[in-house]
Amino acid sequence: MFIAELMELKRLSLTYKDELFTLINTNREHLREWLPWVDLTESPADTECFLEAAINQYQSGQGPQYAIFSDSALCGVCGFHSFDLSNRTGSIGYWLGEAYSGKGFMARAVQALVEQGFREYDLNRIEIACATGNTKSRAIPERLGFKLEGVLREREYVNGRYLDQAIYSMLASEFQALTLMLPAKL
Ligand SMILES: CC(C)(COP(=O)(O)OP(=O)(O)OC[C@H]1O[C@@H](n2cnc3c(N)ncnc32)[C@H](O)[C@@H]1OP(=O)(O)O)[C@@H](O)C(=O)NCCC(=O)NCCS
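Just so it is clear, the structure is predicted and the values come from calculations on it, not from any experiment.

1. Overview of the site of the ligand
The ligand sits among 20 residues. The nearest are Tyr94, Leu96, Gly102, Met106 and Asn134. The separation between an oxygen atom of the ligand and a polar main-chain atom of glycine 104 is 3.0 Å. Burial of the ligand by the surrounding chains reaches 74%, relative to a free accessible area of 940 Å².

So this is what it looks like as structure tokens:
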């Protein structure tokens, strides 16, 4: 999926196993503060398991996950966790290598996912959960017009501490109203 000049989302496949593992391996300190799976990713075989799960999720109609490429370099991952199909709800997760942060890549990528979720998958609700202290992550739903619904206390356990999660959402009805106001590309 082409989303901006020199920037593309490619659906996760086993092709990216080594490049993805290298990106994780060279960004451990940056990622492990907020993501529980980083320390569990010890070898390319672990990345392969993740990719296989993402492929199965997509093939069973539970939502796509993407590698983010800029100028042919793999920068990070974004996508849907397994859809809650009976409630037409999806939730989005994301991360970038440190060198690719601060350029607006993720805001653009998440905007593309939101459009795909509402238009192509006919979702009614999209959620994004961020640790309350993760200001860079929270800036993404806030920039895209998601509503803050509240805080779930000590909702996740990451590297030895419980984190409170801020829950953001956008509804299909709000997306329709927002598309009239948002620029075509961020
Ligand atoms: C969360 C994370 C993806 C945010 O990355 P990011 O680069 O800050 O987010 P964006 O790609 O939206 O870029 C926003 C930054 O780019 C800047 N920017 C430059 N051009 C921009 C553009 N065209 N549009 C939007 N922002 C732009 C913004 O000013 C902002 O910089 P600032 O933080 O200095 O104000 C990244 O910090 C990360 O991977 N963290 C570790 C893993 C993690 O926390 N994942 C989320 C778990 S919920």
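2. Let's talk about the pattern of salt bridges
Following the criterion strictly, the structure yields eight salt bridges and no others. Across the pair aspartate 39 and arginine 32 runs a salt bridge whose closest N-O atoms are separated by 2.7 Å. A relative accessible area of 33% places aspartate 39 in the partly exposed class. Two residues, glutamate 142 and arginine 138, come together in a salt bridge whose shortest N-O distance is 4.0 Å.

3. Describing the nonpolar core
Formed by 32 residues in total, the largest nonpolar core has its most connected members in Ile68, Cys78, Ile92, Tyr94, Met106, Val110 and Val114. Within the residue set of this core, elements represented by two or more residues are strand S2 (7-11), strand S3 (65-70), strand S4 (73-80), strand S5 (89-96), helix H4 (105-119), strand S6 (125-131), strand S8 (161-171) and helix H6 (172-179). Core analysis: the second largest hydrophobic core is formed by 15 residues, Leu12, Tyr16, Ile24 and Phe69 among them.

4. Quick word on the pairing of S5
Burial of S5 is extensive: seven of the eight residues sit out of reach of the surface. Two strands pair when backbone bridges link them, and S4 and S5 are joined in this way by five bridges, in the antiparallel orientation. Across the sheet, glycine 79 pairs through a bridge with glycine 93, a residue of S5. By the bridge criterion, three bridges tie S5 to S6 in an arrangement that is parallel. Opposite threonine 89, over in S6, you have arginine 125 as the bridge partner. In this fold, S5 hands off to H4, which returns the chain to S6; that crossover is right-handed.

5. Looking at unusual backbone geometry
Among all residues except glycine, the phi angle is most often negative; among peptide bonds, the trans geometry is most common. Of note in the backbone geometry, aspartate 122 takes a positive phi value of approximately 60° without being a glycine. With respect to the helices and strands, aspartate 122 occurs in the loop between H4 and S6. The partly exposed category is assigned to aspartate 122, whose relative accessible area is 46%. Backbone geometry places glutamate 154, a non-glycine residue, at a positive phi of 45°. Topologically, glutamate 154 is positioned in strand S7 (residues 147-158).

6. Quick word on the packing of aromatic side chains
Per the counting criterion, the structure on display carries six aromatic pairs. Each ring, one from phenylalanine 80 and one from phenylalanine 83, has its centre 5.1 Å from the other, and the planes form 65°; the classification is edge-to-face. Given the relative accessible area of 0%, phenylalanine 80 is considered buried. By relative accessible area, phenylalanine 83 is classed as buried at 6%. In this structure an aromatic cluster arises from ring pairing among Phe80, Phe83 and Tyr121. A cation sits over an aromatic face here: lysine 10 above phenylalanine 69, 4.5 Å from the ring centre. Positioned over the ring face of tryptophan 34 is arginine 161, at 5.2 Å from the centre of the ring.

Conventions adopted
- Residue numbering note: each chain is counted from 1, following its sequence as written.
- This being a predicted model, a pLDDT of at least 70 is required before a residue's local features are given, and a value of 80 or more before pairs of side-chain atoms are given or counted; all residues contribute to the totals for chains, interfaces and linings.
- Processing note: side-chain calculations cover all non-hydrogen atoms of the structure and skip hydrogens and water entirely.
- The nearness test applies per residue and asks whether one of its heavy atoms lies within 4 Å of the molecule or strand.
- N or O atoms closer than or at 3.5 Å make up a polar contact, with two conditions inside protein: a donor-capable atom paired with an acceptor-capable one, and, for residues adjacent in sequence, both atoms drawn from side chains.
- Per-residue and other accessible areas follow the Shrake-Rupley method at a 1.4 Å probe size, with only the shown protein chains counted as cover for residues.
- The rule for a salt bridge is simple: a side-chain nitrogen of Lys or Arg has to be within 4 Å of a carboxyl oxygen of Asp or Glu.
- Exposure is judged per residue with a 1.4 Å probe applied to protein chains only, and the accessible area is read against the type maximum: over 50% gives exposed, under 20% gives buried, and values in between give partly exposed.
- As used here, the term nonpolar core means buried Ala, Val, Leu, Ile, Met, Phe, Trp, Tyr and Cys residues forming a set that is joined through side-chain atoms within 4.5 Å.
- Working definition: helices are DSSP H or I runs of at least four residues, strands are E runs of at least two. Numbering for both runs from the N terminus.
- Should DSSP find at least two bridges between two strands, the strands are regarded as paired.
- The handedness of a crossover follows from its direction of travel: if, with the strands pointing away from the viewer, the path from the first strand over the helix to the second runs clockwise, the crossover is right-handed.
- Stacked, tilted and edge-to-face are the three classes assigned to paired rings of Phe, Tyr and Trp, where Trp is represented by its six-membered ring and a pair needs centres within 6.5 Å; plane angles under 30 degrees give stacked, over 60 edge-to-face, the rest tilted.
- Should the NZ of a Lys or the CZ of an Arg lie within 6 Å of a ring centre and within 35 degrees of the ring normal, that charge is described as sitting over the ring.

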